[in-house]
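Chain by chain, the residues run as shown.
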Amino acid sequence: MSEFKTDVILKGDCIQVLKSLPDASVDAVFADPPYNLQLGGDLLRPDNSRVDAVDDDWDKFDSFAAYDAFTRAWMAECRRVLKPEGTIWVIGSYHNVFRLGSAIQDLGFWVLNDIVWRKSNPMPNFKGTRFTNAHETLIWAARSQGQKRYTFNYDALKAFNEDTQMRSDWTFALCTGEERIKDADGKKAHPTQKPEALLHRVLLASTRPGDVVLDPFFGTGTTGAAAKRLGRRYIGIEREDDYIRVAEKRLAAVVPANPEDLAVMGSKRSEPRVPFGALVEAGLLRPGDRLYAPDGSREARVRADGSLIHGDLTGSIHKLGALMENAPACNGWTYWRFKTDQGFKSIDTLRAEIRAAM
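Residues numbered from 1 in each chain as written. Predicted model: local features only at pLDDT ≥ 70, side-chain atom pairs only at ≥ 80, totals over all residues. Heavy atoms only, no water.

Peer 1: Go over the sheet that holds strand β1 (residues 8-11), please, and point to the residues and values.
Peer 2: Pairing within the open sheet is mixed, and its eight strands lie in the order β1-β8-β7-β2-β3-β5-β4-β6. The outermost strands of the open sheet, each flanked by one partner alone, are β1 and β6 (169-172). Within the sheet, the average angular offset between the axes of one strand and its neighbour, ignoring direction, is 20 degrees. Pairing geometry for strand β4 (residues 110-119) and β6, over four bridges, is parallel. Bridging across to β6, lysine 119 finds its partner in phenylalanine 172. In the packing of helix α2 (residues 64-81) onto the sheet, contacts are made with β2 (26-31), β3 (82-92) and β7 (212-215), and the angle to β3 comes to roughly 145 degrees. (Pairing = 2+ DSSP bridges. Helix = DSSP H or I, 4+ residues; strand = E, 2+ residues; numbered from the N terminus. Axes fitted to C-alpha atoms, helices over the stretch in contact; angles between N-to-C directions. Contact = heavy atoms within 4.5 Å.)

Peer 1: Describe the domain arrangement of the protein chain, listing the residues and the values that go with them.
Peer 2: Here the domain parsing of the protein chain yields domain 1 (8-261) and domain 2 (276-357). Domain 1 and domain 2 are separated by 49 Å when their C-alpha centres are compared. (Domains from an automatic or database assignment.)

Peer 1: Residue-level account of the pattern of salt bridges, with values.
Peer 2: Taken as a whole, this structure holds 18 salt bridges when the rule is applied. The partner of aspartate 23 in a salt bridge is arginine 80, and the shortest N-O contact between them spans 2.6 Å. Here the residue aspartate 23 occupies a position in the loop between α1 (14-19) and β2, and arginine 80 occupies one in helix α2, the gap between them amounting to 57 residues. In this structure, the salt-bridge partner of glutamate 196 is arginine 229, at a minimum N-O distance of 2.7 Å. In this pair, glutamate 196 sits in helix α5 (residues 196-206) while arginine 229 sits in helix α6 (residues 222-229), placing the two residues 33 residues apart along the sequence. For glutamate 196, a relative accessible area of 16% gives the class buried. The exposure class assigned to arginine 229 is partly exposed, which follows from its relative accessible area of 34%. Counted as one network, the salt bridges with shared partners bring together Lys19, Asp23, Glu77 and Arg80. (Salt bridge = Lys/Arg side-chain N within 4 Å of Asp/Glu carboxyl O. Buried < 20%, exposed > 50% of the residue type's maximum accessible area, 1.4 Å probe, protein only.)

Peer 1: Explain the nonpolar core to me, and be specific about the residues and the numbers.
Peer 2: The tendency in soluble globular proteins is for nonpolar side chains to be buried side by side. Counting residues in each nonpolar core, the largest one holds 29 residues, and the members touching the most others are Val26, Val29, Trp74, Met75, Ile88, Val90 and Leu214. Counting only elements with at least two residues in this core, the list comes to α1, β2, α2, β3, α3 (97-106), β5 (135-142), β7 and β8 (233-238). With six residues, the top contributor of residues to this core is α2. Excluding its chain neighbours within four sequence positions, the residues that come into contact with methionine 75 are Val90, Leu100, Ala103, Ile104, Leu107 and Phe109. In terms of nonpolar packing, the next biggest core, distinct from the first, is built from 24 residues, Trp89, Phe172, Val213 and Val254 among them. (Core = buried A, V, L, I, M, F, W, Y, C linked by side-chain atoms within 4.5 Å.)

Peer 1: Describe the pairing of strand β10 (residues 299-302), listing the residues and the values that go with them.
Peer 2: Regular strands place side chains that alternate from one sheet face to the opposite one. Looking at chain direction, strand β9 (residues 290-292) and β10 are connected through three bridges and run antiparallel. Bridging from a neighbouring strand, tyrosine 292 pairs with glutamate 299 of β10. A loop of six residues connects β9 with β10, the two strands running antiparallel in sequence, and glycine 296 in this loop sits at a positive phi of about 80 degrees. As paired strands, β10 and strand β11 (residues 308-310) are joined by two bridges and run antiparallel to one another.

Peer 1: Break down the packing of α5 against α6 for me, citing the residues and quoting the values.
Peer 2: For the pair α5 and α6, interaxial distance at closest approach is 9 Å and the crossing angle is 55 degrees. Put simply, α5 runs oblique to α6. Taken as a pair, α5 and α6 cross one another with a handedness that is right-handed. Contacts from Glu196, Leu199, His200 and Leu203 in α5 reach Thr222, Thr223, Ala225, Ala226, Ala227 and Arg229 in α6. Of the residues assigned to the contact of α5 with α6, the class counts are five nonpolar, three polar and two charged. (Parallel < 35°, antiparallel > 145°, perpendicular 65-115°, else oblique. Left-handed = near helix turned anticlockwise from the far one by under 90°. Nonpolar A, V, L, I, M, F, W, Y, C, P; charged D, E, K, R; others polar.)

Peer 1: Describe helix α11 (residues 348-357), with residues and values.
Peer 2: Taken together, the buried positions of α11 are occupied by Asp348, Leu350, Arg351, Ile354 and Arg355. Around the axis of α11, the buried residues are gathered within 155 degrees of arc, so they sit on the same side. For α11, the exposed residues set more than 90 degrees away from the buried face come down to Ala356 and Ala357. Residues of α11 that are buried in the fold lie against α8 (277-281), α10 (332-335), β13 (337-340) and β14 (343-346). (Arc of directions from axis to C-beta.)

Peer 1: Any details on the packing of aromatic side chains? Residues and values, ideally.
Peer 2: For any pair of aromatic rings, the description rests on two quantities: the centre-to-centre distance and the angle between the ring planes. Counted according to the given criterion, the structure contains 14 aromatic pairs. Plain terms: the ring middles of tryptophan 89 and tryptophan 140 are 5.4 Å apart, the flat faces sit at 15 degrees to each other, and that makes the pair stacked. With tryptophan 89 in strand β3 and tryptophan 140 in strand β5, this residue pair connects regions lying 51 residues apart in the sequence. The exposure class of tryptophan 89 is buried, given its relative accessible area of 3%. Ring centres 5.9 Å apart and planes at 15 degrees place the aromatic pair phenylalanine 218 and tyrosine 234 in the stacked group. (Phe/Tyr/Trp six-rings, centres within 6.5 Å; stacked < 30°, edge-to-face > 60°.)

Peer 1: Let's hear about the side chain of asparagine 153: which residues, and what values?
Peer 2: Residue position: asparagine 153 is located in the loop between β5 and α4 (154-160). On the accessibility criterion, asparagine 153 (7% relative accessible area) is buried. If we ignore the near neighbours within four places in the chain, the residues touching asparagine 153 are Leu204, Ala205, Ser206, Thr207 and Val264.

So, in structure tokens, the structure goes:
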């Protein structure tokens with residue numbers, strides 16, 4: 001087996017190149033496979049001019065069975081090279097996404113979400129015989145159903161989205177203008193170039209700086225450009241020399257962000273667990289100290305074992321908070337306050353001190 005390298009474009013058939021990669025070597029996969037459009041002839045505009053559609057040989061398969069066999073072969077290899085906590089993204093249109101989804105589930109992946117990429121500037125339906133095809137679908141899947149951990153930067157995405165949960169419908173424009181890469185004749189260098197903004201969000205959501213991202217259908221290198229800009233490493237697989245030349249030139253011009261600007265906002269779920277008793281052990285609270293309800297009207301005493309007592313009621317910070325409020329549940333960390341010279345403060349600030357020391 002050859003030496004494992006990153007930030008490279010590997011030339012060749014994607015299945016054969018994938019077989020050369022070691023097991024459990026990549027953190028994420030983004031795959032934009034052939035659509036298998038099954039075009040029956042030229043697509044014309046109302047003025048009879050020809051639409052520059054996807055008619056390249058790499059998008060042509062003899063049958064659905066041939067396409068399905070190809071799909072399962074490259075997906076199986078991607079699953080092999082994914083780390084146990086890795087995830088895969090696959091994008092497709094109505095021509096192929098249902099076949100992709102079926103293969104993903106059959107091979108043992110576990111679907112986490114489907115994302116609708118809503119195109120703000122879709123190509124019209126020139127014949128007027130169907131709805132305008134204005135979206136593509138991304139499938140995001142874990143390596144297996146039993147997978148307990150995978151990267152999802154929920155808090156970072158929420159901050160990115162003005163403190164609102166990121167939804168599963170994303171709006172981006174098709175590649176146009178300066179972003180659309182052209183060849184020497186001024187024509188599209190690749191018929192299905194994806195907007196870099198789409199890959200930026202995918203990588204922001206599901207990878208961390210330093211992670212290795214594999215793209216088995218590299219094309220003009222959009223995944224690599226987004227990865228390099230965001231401090232991730234990439235492996236691209238591409239068989240067409242023309243696309244490789246375009247991608248190499250594109251990647252050489254990408255300037256990565258400063259490392260200090262790439263830190264991902266942490267999630268409370270990913271932070272170390274701190275039991276309330278640790279505050280007592282560390283001396284941040286002492287047995288007999290009083291904690292107060294948010295409005296200061298009720299209080300409880302801290303005991304040496306990390307429980308609280310109020311009259312005849314005892315329990316954890318969560319249980320006693322719920323009893324005090326006659327509620328089914330309570331987050332004791334945000335409920336209880338301790339008194340300082342500057343007023344009441346949440347005990348969660350003490351937990352943060354313990355975590356900082358960890």
